[in-house]
Amino acid sequence: MAARAAAGLEGAPQHEQISHTKLSADDEWNLQQERMYKLHRGHESMHVEMILIFLCALVIAQIVLVQWRQRHGRSYNLVTLLQMWVVPLYFTIKLYWWRFLSMWGMFSIITSYILFRATRKPLLGRTPRLVYKWFLLIYKLSYAFGVVGYLAIIFTMCGFNLFFRIKARDSMDFGIVSLFYGLYYGVMGRDFAEICSDYMASTLGFYSVSGMPTRSLSDDICAVCGQKIIVELNEEGLIENTYQLSCKHVFHEFCIRGWCIVGKKQTCPYCKEKVDLKRMINNPWERTHFLYGQILDWLRYLVAWQPVVIGIVQGINYSLGLE
């Protein structure tokens, strides 16, 4: 009798282990949440303190970053670009996201070559068009990926995936990944395009970030690429047209669009007069591209500086003994 009871006691844990291994993914997730709830039960005041620390750090960081950007915009942009380039790479290697790592490597190699071409002196005549073509391609691809990802997420939330027999988790993962790819490479491409635009324009001598241009601009020369303008203003060109700003300076249409839309410049490359982007962008489809560019500028903070703020908050919590 005693031996049978002992055998029963020894068999109970084995039965529990077998039933635990048969849990589904959802049940396993619910079990982990229950354990987490039991672990943090009674720590409500500590959690409130952690939330207050996070909110205060978020507000202070926002004030510091805004002041930094207004007073030293160039260093802010460079540090932000470095943050955006390194932070996702760290999480990619840590979480074994090899697909993102391969695309990141391809983008970095090609963009490094484009940046090398844009910073050479003297500047080759084909370089500005090459630069704007590459970053315009990145801009359009990021826009397409962002739209597809957003639609996939809405598609899943509305339950339309059931009509096509697609699992909700698969369609949601596809939407989130596509949206992330679009936003990340969109922000990176625009920042690199702005750096290349400054270097190329300063090399040509028709533009200076601070001060007067070192060269005078002729009527038949484009201040963005430094090449001669062949097509007249009212003439229909075979490859591209000629565009005149409100300040009466004339450019290749592709060059000035790349300068304003891709390179994020809103002033004339020569006289720095404000560019009327609404007059330049007549097509409603292109206006959505411009709006998307503004969204990318806003999301730069989330990609580059949000992980830094969270790391600072975790350091403060660790120093105070908060869990």
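Rules behind the numbers
Residues numbered from 1 in each chain as written. Predicted model: local features only at pLDDT ≥ 70, side-chain atom pairs only at ≥ 80, totals over all residues. Heavy atoms only, no water. Axes fitted to C-alpha atoms, helices over the stretch in contact; angles between N-to-C directions. Helix = DSSP H or I, 4+ residues; strand = E, 2+ residues; numbered from the N terminus. Parallel < 35°, antiparallel > 145°, perpendicular 65-115°, else oblique. Left-handed = near helix turned anticlockwise from the far one by under 90°. Contact = heavy atoms within 4.5 Å. Nonpolar A, V, L, I, M, F, W, Y, C, P; charged D, E, K, R; others polar. Phe/Tyr/Trp six-rings, centres within 6.5 Å; stacked < 30°, edge-to-face > 60°. Buried < 20%, exposed > 50% of the residue type's maximum accessible area, 1.4 Å probe, protein only. Disulfide = S-S within 2.5 Å. UniProt positions renumbered as here; feature names shortened; annotations may be inferred. Expected span 1.5 Å × (residues − 1). Patch = residues over 30% accessible without salt bridge, like charges linked within 9 Å, V, L, I, M, F, W, Y side chains within 5 Å. Areas by Shrake-Rupley, 256 points an atom, 1.4 Å probe, with all protein chains shown as cover. Salt bridge = Lys/Arg side-chain N within 4 Å of Asp/Glu carboxyl O. Polar contact = N/O pair within 3.5 Å; in protein donor to acceptor, adjacent residues only side chain to side chain. pLDDT = per-residue confidence, 0-100. Core = buried A, V, L, I, M, F, W, Y, C linked by side-chain atoms within 4.5 Å.

Asks: Where do I start with the packing of helix H7 (residues 168-204) against helix H8 (residues 253-262) in this structure?
Replies: Orientation of H7 relative to H8, taken along the N-to-C sense of each, is 130°, at an axis distance of 9 Å. In terms of orientation, H7 lies oblique with respect to H8. The way H7 lies across H8 gives a crossing that is left-handed. Where H7 approaches H8, its residues Arg190, Ala193, Ser197 and Ala201 are matched on the opposing element by Trp259, Ile261 and Val262. Across the contact of H7 with H8, the residue classes tally to five nonpolar, one polar and one charged.

Asks: Would you mind showing me how to read the packing of aromatic side chains here?
Replies: The way to describe two aromatic rings as a pair is by their centre distance and the angle between their planes. According to the stated counting rule, one finds 16 aromatic pairs in the structure shown. Measuring from centroid to centroid gives 5.2 Å for phenylalanine 107 and tyrosine 185, while their planes differ by 65°, and the two rings are edge-to-face. With phenylalanine 107 in helix H5 (residues 98-118) and tyrosine 185 in helix H7, the pair connects residues that are 78 residues apart, well separated along the chain. Across the pair, tyrosine 185 and phenylalanine 107 agree in class, each one buried.

Asks: Looking at this structure, I do not really get the state of the cysteines. What am I missing?
Replies: By definition, a disulfide links the sulfur atoms of two cysteines through a covalent bond. Counted under the stated rule, the structure contains zero disulfides. The closest cysteine sulfur to the non-disulfide-bonded cysteine 222 is located on cysteine 225, 3.9 Å from its own sulfur. The exposure class assigned to cysteine 222 is buried, which follows from its relative accessible area of 0%. Unpaired in terms of disulfides, cysteine 247 finds its nearest cysteine sulfur in cysteine 268, a separation of 3.6 Å.

Asks: Any chance you could explain the UniProt feature "transmembrane region" (unreviewed entry) in the protein here in plain terms?
Replies: Residues annotated by UniProt as "transmembrane region" (unreviewed entry) correspond here to residues 46-68, 75-91, 97-116 and 137-164. Span residues 97-116 is 95% helix and 0% strand, its end C-alpha atoms 28 Å apart. Helix makes up 75% of residues 137-164 and strand 0%, whereas the separation of the span's terminal C-alpha atoms amounts to 32 Å.

Asks: It is not clear to me how H5 should be interpreted in this structure. Could you clarify?
Replies: Because an α-helix completes one turn every 3.6 residues, residues spaced three or four positions apart along the sequence face the same direction. Spanning 21 residues, H5 covers 30 Å between terminal C-alpha atoms, matching the ideal 30 Å at 1.5 Å per step. Buried within H5 are the following residues: Phe100, Trp104, Gly105, Phe107, Ser108, Thr111, Ile114, Arg117 and Ala118. At its buried positions, H5 is contacted by helix H4 (73-95), helix H6 (127-157) and H7.

Asks: When you look at a nonpolar patch on the surface in this model, what are you seeing that I'm missing?
Replies: Side chains of Val147, Tyr150, Leu151, Ile154 and Met157 sit close together on the surface and give an oily, nonpolar patch of about 500 Å² of accessible area. Inspection of the secondary structure assignment puts valine 147 in helix H6. By relative accessible area, which is 34% here, valine 147 ends up partly exposed.

Asks: Sorry if this is basic, but what is going on with the packing of H6 against H7 here?
Replies: Packed helix pairs are characterised by how far apart their axes lie and by the angle those axes make with each other. Axis separation between H6 and H7 bottoms out at 7 Å; the angle between their running directions is 155°. Taken together, the axes of H6 and H7 lie roughly antiparallel to each other. In the crossing of H6 with H7, the sense of the turn from one axis to the other is left-handed.

Asks: So what exactly am I meant to see when it comes to the side chain of histidine 252 here?
Replies: Residue placement: histidine 252 occurs in strand S2 (residues 250-252). A distance of 3.2 Å separates a polar side-chain atom of histidine 252 from the backbone oxygen of lysine 228. Setting aside anything within four residues of it in sequence, one finds histidine 252 in contact with Arg129, Cys222, Cys225, Gln227, Lys228, Ile229, Glu240 and Asn241.

Asks: So what exactly am I meant to see when it comes to the confidence of the model for the protein here?
Replies: Caution applies to low-pLDDT parts of the model: their predicted coordinates are not meant to be read in detail. Per-residue pLDDT for the protein has a mean of 77; in total, 76% of the residues score no lower than 70. Within the protein, H5 carries the highest mean pLDDT (90), whereas helix H1 (residues 2-21) carries the lowest (47).

Asks: What is the right way to read unusual backbone geometry from this model?
Replies: A negative phi angle characterises most non-glycine residues, just as the trans form characterises most peptide bonds. At the junction of lysine 121 and proline 122, the peptide bond is cis and its omega measures out at 0° in the coordinates. For lysine 248, which is not a glycine, the phi torsion comes out positive at approximately 75°. Here lysine 248 shows up in the loop between strand S1 (242-244) and S2. We note that lysine 272 has phi near 65°; this positive angle belongs to a residue other than glycine.

Asks: How should I be thinking about the nonpolar core in this particular structure?
Replies: Nonpolar side chains in soluble globular proteins generally cluster together in the buried interior. Phe135, Leu245, Phe251 and Trp259 are the most contacted members of the largest nonpolar core, which has 50 residues in total. Among the secondary structure elements, those contributing two or more residues to this core are H4, H5, H6, H7, S2 and H8. No other element matches H7, which puts 11 residues into this core. When neighbours within four sequence positions are excluded, phenylalanine 251 is seen to be in contact with Cys222, Ala223, Val224, Ile229, Thr242, Tyr243, Leu245, Ile256, Cys268 and Pro269.

Asks: Mind showing me how you'd approach the side chain of threonine 80 here?
Replies: Take threonine 80: it is sitting in helix H4. In terms of polar contacts, threonine 80 uses its side chain to reach the backbone carbonyl oxygen of tyrosine 76, at 2.7 Å. Discounting chain neighbours no more than four positions away, the residues touching threonine 80 are Arg300, Ala304 and Trp305.

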